[in-house]
Amino acid sequence: MELAPKGGVGLHFHKTYSEKFDCLDGELKVQAGKAIHTLLKGQSLTAYPNINHRFFNTSDQMCKFLVELRPASRGFEQSLQVGYGLARDGQTNDKGFPKNRLALAWLFEISESNLPGWMSIFEFILRRQAKKAKALGLDMELIQKYVRF
């Protein structure tokens, strides 16, 4: 993955897989639990299932890193391909979130992401919006346009 300067994702967790981050170039910050780690080229960190985590880039340089999921998650891979495709097409805001709220909700769902603590109250809304996205065929439209396996 490539992460733009000041880019990143918010705090979340996954119930079914771990997420390992290997820094290839630049500087990647990864929060796992309460600790924030700065990964440099050649360093890695794993966020295990049910551990709150996020990754971000506070530098002014592009960061490149590998993400490995164990076990693999097809939905997560699809969410990355769609998310980056939307960004390439100018369909995301300045924080990298899809402008289309239904697309955002569907990507959240297929990535098997969960919100920690009090933020979990928003999951109900996201899950309902994801169902609406599927009912409208938005999921298949995005898969057809952006996903390549």
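Scroll up a little and you will see the structure.
Residues numbered from 1 in each chain as written. Predicted model: local features only at pLDDT ≥ 70, side-chain atom pairs only at ≥ 80, totals over all residues. Heavy atoms only, no water.

J.: Whenever I open this one, the sheet that holds strand 2 (residues 18-25) confuses me. Can you help?
T.: Where strands meet in a sheet, backbone hydrogen bonds hold them as pairs that are either parallel or antiparallel. One open sheet holds the four strands; their spatial order is 1-7-2-5, and the pairing between them is antiparallel. Each of the sheet's edge strands pairs with one partner strand only, and the pair in question is strand 1 (2-3) and strand 5 (44-47). Here two bridges tie strand 1 to strand 7 (residues 63-70), and the two strands are oriented antiparallel to one another. The partner of Glu2 across the bridge, within strand 7, is Lys64. (Pairing = 2+ DSSP bridges. Helix = DSSP H or I, 4+ residues; strand = E, 2+ residues; numbered from the N terminus.)

J.: Would you mind showing me how to read a nonpolar patch on the surface here?
T.: Nonpolar side chains collect at one region of the surface, where Trp118, Ile121, Phe122, Phe124 and Ile125 lie side by side and expose about 610 Å² of accessible area between them. Residue position: Phe124 is located in helix 3 (residues 123-135). (Patch = residues over 30% accessible without salt bridge, like charges linked within 9 Å, V, L, I, M, F, W, Y side chains within 5 Å. Areas by Shrake-Rupley, 256 points an atom, 1.4 Å probe, with all protein chains shown as cover. Salt bridge = Lys/Arg side-chain N within 4 Å of Asp/Glu carboxyl O.)

J.: Got a minute to help me understand the packing of helix 2 (residues 101-110) against helix 4 (residues 138-146) in this structure?
T.: Axes are the key here: two packed helices are described by the angle between their axes and the distance separating the axes. Packing of helix 2 against helix 4 brings their axes to within 10 Å, and their N-to-C directions diverge by 80 degrees. Between helix 2 and helix 4, the angle falls in the class roughly perpendicular. Across from Leu102, Ala103 and Trp106 in helix 2, the residues of helix 4 making contact are Leu138, Asp139, Leu142 and Ile143. Here the contact of helix 2 with helix 4 is composed, by residue class, of six nonpolar, no polar and one charged. (Axes fitted to C-alpha atoms, helices over the stretch in contact; angles between N-to-C directions. Parallel < 35°, antiparallel > 145°, perpendicular 65-115°, else oblique. Contact = heavy atoms within 4.5 Å. Nonpolar A, V, L, I, M, F, W, Y, C, P; charged D, E, K, R; others polar.)

This is a description of form; function is not addressed.
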